[in-house]
Amino acid sequence: MADEVTVYALSTCPWCRKTKQWFADSKIEFEAIDVDTLPDSQQDEVADKAYALSGGRRFPVVVINGEVIVGFNPEKFLEHLQGAGW
Amino acid sequence: MGTAERKESLRYLYDKVVDPLGFKFTPDAALAEELLEQEVKLEQDLGAPYCPCQMRSRVRGEDMRIVCPCIPFHRAHFDKMKRCWCGLFVHKDVTDPDSLPQFPPDEE
Amino acid sequence: MSGPRWVPTIDDAKVRDGACVPVYPKGVGVLLVRVDGKLHAVANKCVHMACPLEGGKLEGATLTCPCHDWRFDVRSGEFLDAPELRIATFATKVEDGKVLVELKGA
Ligand code: SF4
Ligand code: FES
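Note that the structure is predicted; figures quoted are calculated from it, not measured. (Residues numbered from 1 in each chain as written. Chains lettered and ligands numbered in written order. Predicted model: local features only at pLDDT ≥ 70, side-chain atom pairs only at ≥ 80, totals over all residues. Heavy atoms only, no water.)

Draft legend 1. The layout of surface pockets, seen in detail. Of the voids in this model, the largest pocket is the one considered here, and its volume is about 230 Å³. Looking at the lining of the largest pocket residue by residue, the classes come out as three nonpolar, two polar and seven charged. (1 Å grid on protein atoms, 1.4 Å probe; cavity = no way out; pocket = protein on both sides within 12 Å on 5 of 7 lines; lining within 4 Å. Points joined across faces, edges and corners; volume = space filled by probe spheres on them. Nonpolar A, V, L, I, M, F, W, Y, C, P; charged D, E, K, R; others polar.)

Put into structure tokens, the structure is as follows:
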């Protein structure tokens, strides 16, 4: 079964960049959303979703198969990934 | 003031703030450059060097707590991580910043 | 020159209760603040990013920097969210109706 991964990020945040890079390098498909560059009409809604998931305003917020990991933390990413090879 | 000059002045100003709090600039020079660059851009666009790794609200009182260096407002959490959320600052005894993961305040 | 030096500034009567008045003894930026009748003198420069504190909001003895809202106790100079950080404080006295500010080693 393929893992379902969403990365909520800020365009200004190096750890968000490293998180996306880590998933790309690991050949895991993911959806990435830069909250700060969304058009105003969508920003509040998406940001609120990320805050509700993470309990704060820190990024990145990574959702792997429904589990939320806040911060760049490959060990935790691996714990929650079930796809082939892990 | 150009971006390079402003980066240098932020370095100077921040150093005086974080030193008494037990922190120093990360030894990861590339990371520090990237973060300061982003902060200068945020300051140019939004009026304050906001945290590049935390999102602003529309409430001034909240946003002022994520202007860099935000260590005074998140101290227990950052002391536990031995770094600030972005990793621009680390505890003075840290020599290998890559060994310090990011984790939220309610986790060990 | 060395040692403490008392430098005259403005008339004591010019600093009303609850007011912040910037003065510049020997060019040093000092903020005179009166709280409950008592006069205090602090550096007119925030420890965060060096903004002048004079446009800040004074509530009781708490002065909030106009730039990013860092809060200081004007009696001790202490930053309320981390006591390791403080703005400098200066001794004051009043002679012949004038406020004198003590500059150490100036
Ligand atoms: S987390 Fe670090 S870089 Fe970000 S605002 Fe706070 S002190 Fe500055
Ligand atoms: S300069 Fe005073 S709070 Fe930032």
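What follows continues from the structure just given.
Draft legend 2. Quick look at the interface of chain B and chain A. Counting from both sides, the interface comprises 24 residues of chain B and, opposite them, 20 residues of chain A. Both faces combined, the contact of chain B with chain A buries some 1,900 Å², and carbon together with sulfur accounts for 49% of it. A per-residue breakdown of the area chain B buries against chain A is headed by Met55(B), Arg58(B) and Gln102(B), which together make up 32% of the total. Along the contact surface separating chain B from chain A lie three salt bridges. Residues Asp44(A) and Arg58(B) are paired through a salt bridge, measuring 2.8 Å at the closest nitrogen-oxygen approach. Scanning the region where chain B abuts chain A turns up 10 residue pairs in polar contact (both at pLDDT 80 or more). The residue inventory of the side of chain B that touches chain A, partitioned by class, reads 12 nonpolar, six polar and six charged. (Contact = heavy atoms within 4.5 Å. Buried area = accessible area lost by both parts, 1.4 Å probe. Salt bridge = Lys/Arg side-chain N within 4 Å of Asp/Glu carboxyl O. Polar contact = N/O pair within 3.5 Å; in protein donor to acceptor, adjacent residues only side chain to side chain.)

Draft legend 3. Seen up close, the packing of aromatic side chains. If you walk through the whole model with that rule in mind, you get 12 aromatic pairs over all chains. Ring geometry for Phe23(A) against Phe77(A): centres 5.0 Å apart, planes inclined by 35°, an arrangement best described as tilted. Placement of the pair is Phe23(A) in helix 1 (residues 14–25) and Phe77(A) in helix 3 (residues 74–80), with a sequence separation of 54 residues. By relative accessible area, Phe77(A) is classed as buried at 0%. Centroid distance Trp70(C) to Phe79(C): 4.3 Å. Interplanar angle 10°. Geometry classified as stacked. Note on accessibility: Trp70(C) and Phe79(C) belong to one class, buried. A network of ring pairs unites the aromatic residues Trp15(A), Trp22(A), Phe23(A), Phe30(A), Phe72(A) and Phe77(A) as a single cluster. In this structure, Arg57(A) packs its charged tip against the face of Tyr51(A), placed 4.1 Å from the ring centre. (Phe/Tyr/Trp six-rings, centres within 6.5 Å; stacked < 30°, edge-to-face > 60°. Helix = DSSP H or I, 4+ residues; strand = E, 2+ residues; numbered from the N terminus. Buried < 20%, exposed > 50% of the residue type's maximum accessible area, 1.4 Å probe, protein only. Lys NZ or Arg CZ within 6 Å of the ring centre and 35° of its normal.)

Draft legend 4. Expanded view of the site of ligand 1. Taken together, Glu39(B), Cys51(B), Gln54(B), Cys68(B), Pro69(B), Cys70(B), Cys84(B), Trp85(B), Cys86(B), Leu88(B) and Phe89(B) make up all the residues around ligand 1. Looking at the shell around ligand 1, its residues break down into nine nonpolar, one polar and one charged. (Near = heavy atom within 4 Å.)

Draft legend 5. Seen up close, helix 2 (residues 40–54) of chain A. All names here are of chain A. Under the 1.5 Å per step criterion, the end-to-end length of helix 2 is 21 Å for 15 residues, consistent within 8% with the ideal 21 Å. Residues Gln43, Val46, Ala47, Ala50, Tyr51 and Ser54 constitute the buried set of helix 2. With its buried residues spanning 140° around the axis, helix 2 presents them on a single face. Residues of helix 2 that are exposed and angled more than 90 degrees away from the buried face: Ser41, Glu45, Lys49 and Ala52. Contact partners of the buried residues in helix 2: strand 1 (5–9), strand 2 (31–34), strand 3 (61–64) and strand 4 (67–70). A positive phi of about 70° marks Gly55, the residue just after helix 2. (Expected span 1.5 Å × (residues − 1). Arc of directions from axis to C-beta.)

Draft legend 6. Main features of the interface of chain B and chain C. Of the residues lining the interface, 18 residues belong to chain B; the matching set on chain C comes to 14 residues. Carbon and sulfur atoms supply 62% of the area buried between chain B and chain C, which totals about 1,300 Å² over both sides. The largest share of the area that chain B buries against chain C comes from Val17(B), Arg60(B) and Phe73(B), three residues that together contribute 30% of it. Where chain B packs against chain C, one counts two salt bridges. Between Glu84(C) and Arg75(B) there is a salt bridge, with its nearest N and O atoms 2.8 Å apart. Our count for the contact surface shared by chain B and chain C stands at five residue pairs in polar contact (both at pLDDT 80 or more). For the side of chain B that touches chain C, the element with the most residues is helix 1 (residues 3–18) of chain B, which contributes five residues. Looking at the side of chain B that touches chain C residue by residue, the classes come out as 13 nonpolar, no polar and five charged.

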